Amino acid sequence: MQAAELSGQRRSDPMRLGVLVSGRGTNLQAILDAVAAGELRAEVALVVCNHADAEAIARAEAGGVPVELHTAAAYPSRRAQQEAIAGRLAEEGVELVVCAGWDRVLTGQFVERFGGRIINIHPSLLPAFAGSLHAIEEALKYGVKITGCTVHFVTEKVDTGPILLQAAVPVLEGDTADALAERIHKQEHRILLEAIRLIGDGKVEVQGRTVKINCSM
Ligand code: GRF
């Protein structure tokens, strides 16, 4: 699939990231911290947020990276909103789009435009609890013993793209959604950074549904 375009090649150095956020922005923070600490060879070229009250906006500002607000209300349709966002990301030379807590389904046009260059972090072990904005609560309610998080490439069908990395998190006796979420978020931050690193280093090759990680490259 298109993600193979990324394998074996670095486009610019550092790789330019576009980060889409809707909420707290702890994953964005992990990216900003890792870049600032020299632990992630990447540059946050643009942060796009779709909610004016999202904590993520302040995190981007504090991190000194460009951030833009594109609310759904400012556009006549989801398609128009995402066309505008895609246009801005392209103008900023974004090579990898990172959905880091983005709460809207990406349009086919958006996915097509950045084909194979969009990743998402989801708080479950996909395909379990796919398509849910409350995957942690649902896993707890369902009574699973192990849940976790997944970084996957984004395709048109929500939460079903090829899986890049996963981390398992055990559900503990008496867990609350908050306690479980905190442990999942720790793992999210770790695997999201690792996924960006692997892509930036050209070590990722998508073969159908399978993502091959070439450690020898
Ligand atoms: C994360 O749990 C992520 O998996 C999901 O949205 C949440 C975003 O958290 N897609 P944050 O905004 O990065 O703190």
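An account of the accompanying structure is given in this report. Note that this is a predicted model, so its numbers are computed, not measured.

**Structural notes on the pairing of strand β2 (residues 42–49)**
For β2, the buried fraction is high: seven of the eight residues fall into the buried class. Considered for its hand, the β-α-β crossover made up of strand β1 (residues 15–21), helix α1 (residues 26–36) and β2 is right-handed. Inspection of the sheet shows β2 paired to strand β3 (residues 67–69) by three bridges, in the parallel sense. What sits directly across from Val-48, in β3, is Glu-68. Each parallel crossover has a hand, and for β2 linked through helix α2 (residues 55–62) to β3 it is right-handed.

**Side note on the side chain of Gln-81**
As for its position among the elements, Gln-81 is in helix α3 (residues 78–91). Look at Gln-81 and you get buried, because its relative accessible area is 1%.

**Quick look at the pattern of salt bridges**
A full pass over the atoms with the stated rule returns eleven salt bridges. Between Glu-43 and Arg-16 there is a salt bridge whose closest N-O contact spans 3.3 Å. With a gap of 27 residues between them, Glu-43 in strand β2 and Arg-16 in strand β1 connect regions that are remote in the sequence. A salt bridge links Arg-183 to Asp-175, with the shortest nitrogen-to-oxygen separation between them at 2.7 Å. In this structure Arg-183 comes out as partly exposed when scored by relative accessible area, which is 24%. Here the salt bridges do not stand alone but share partners, grouping Arg-16, Glu-43, Glu-68, Arg-88, Glu-91 and Glu-92 into one network.

**Observations regarding the site of the ligand**
The local shell around the ligand consists of Arg-24, Gly-25, Thr-26, Asn-27, Ala-100, Gly-101, Ile-121, His-122, Pro-123, His-185 and Glu-188. One nitrogen or oxygen atom from the side chain of His-185 is found 3.1 Å from an oxygen atom belonging to the ligand. At a separation of 2.6 Å, an oxygen atom of the ligand approaches a polar side-chain atom of Glu-188. For the ligand, the protein covers 84% of the area, taking 360 Å² as the surface of the free molecule. Of all the secondary structure elements, the ones that give two or more residues to the shell around the ligand are α1, β5 (118–122) and α6 (177–200). Class assignment for the residues of the shell around the ligand results in three nonpolar, six polar and two charged.

**Side note on the environment of Arg-24**
Among the secondary structure elements, Arg-24 is positioned in the loop between β1 and α1. Among the residues examined, Arg-24 registers a relative accessible area of 46% and is labelled partly exposed. Sequence spacing of Arg-24 and Val-211 is 187 residues, and the spatial spacing of their C-alpha atoms is 29 Å. Once you skip the residues sitting within four places of it in the chain, Arg-24 turns out to touch Glu-55, Ala-56, Arg-59 and His-185.

**Observations regarding the nonpolar core**
Grouped together as the largest cluster of nonpolar side chains are 49 residues, with contacts concentrated most on Ile-31, Ile-119, Leu-164 and Ile-196. Among the elements that make up this core, the one with the highest residue count is α6 (ten residues). Each residue touching Ile-196, except ones within four places of it in the same chain, is listed here: Met-15, Leu-17, Ile-31, Leu-40, Leu-96, Val-98 and Ile-119. Counting 17 residues, the second-largest nonpolar core is a separate cluster that includes Leu-89, Val-94, Val-97 and Ile-118.

What counts as what
- Residues numbered from 1 in each chain as written.
- Predicted model: local features only at pLDDT ≥ 70, side-chain atom pairs only at ≥ 80, totals over all residues.
- Heavy atoms only, no water.
- Buried < 20%, exposed > 50% of the residue type's maximum accessible area, 1.4 Å probe, protein only.
- Helix = DSSP H or I, 4+ residues; strand = E, 2+ residues; numbered from the N terminus.
- Right-handed = clockwise from strand over helix to strand, strands pointing away.
- Pairing = 2+ DSSP bridges.
- Salt bridge = Lys/Arg side-chain N within 4 Å of Asp/Glu carboxyl O.
- Near = heavy atom within 4 Å.
- Polar contact = N/O pair within 3.5 Å; in protein donor to acceptor, adjacent residues only side chain to side chain.
- Areas by Shrake-Rupley, 256 points an atom, 1.4 Å probe, with all protein chains shown as cover.
- Nonpolar A, V, L, I, M, F, W, Y, C, P; charged D, E, K, R; others polar.
- Contact = heavy atoms within 4.5 Å.
- Core = buried A, V, L, I, M, F, W, Y, C linked by side-chain atoms within 4.5 Å.

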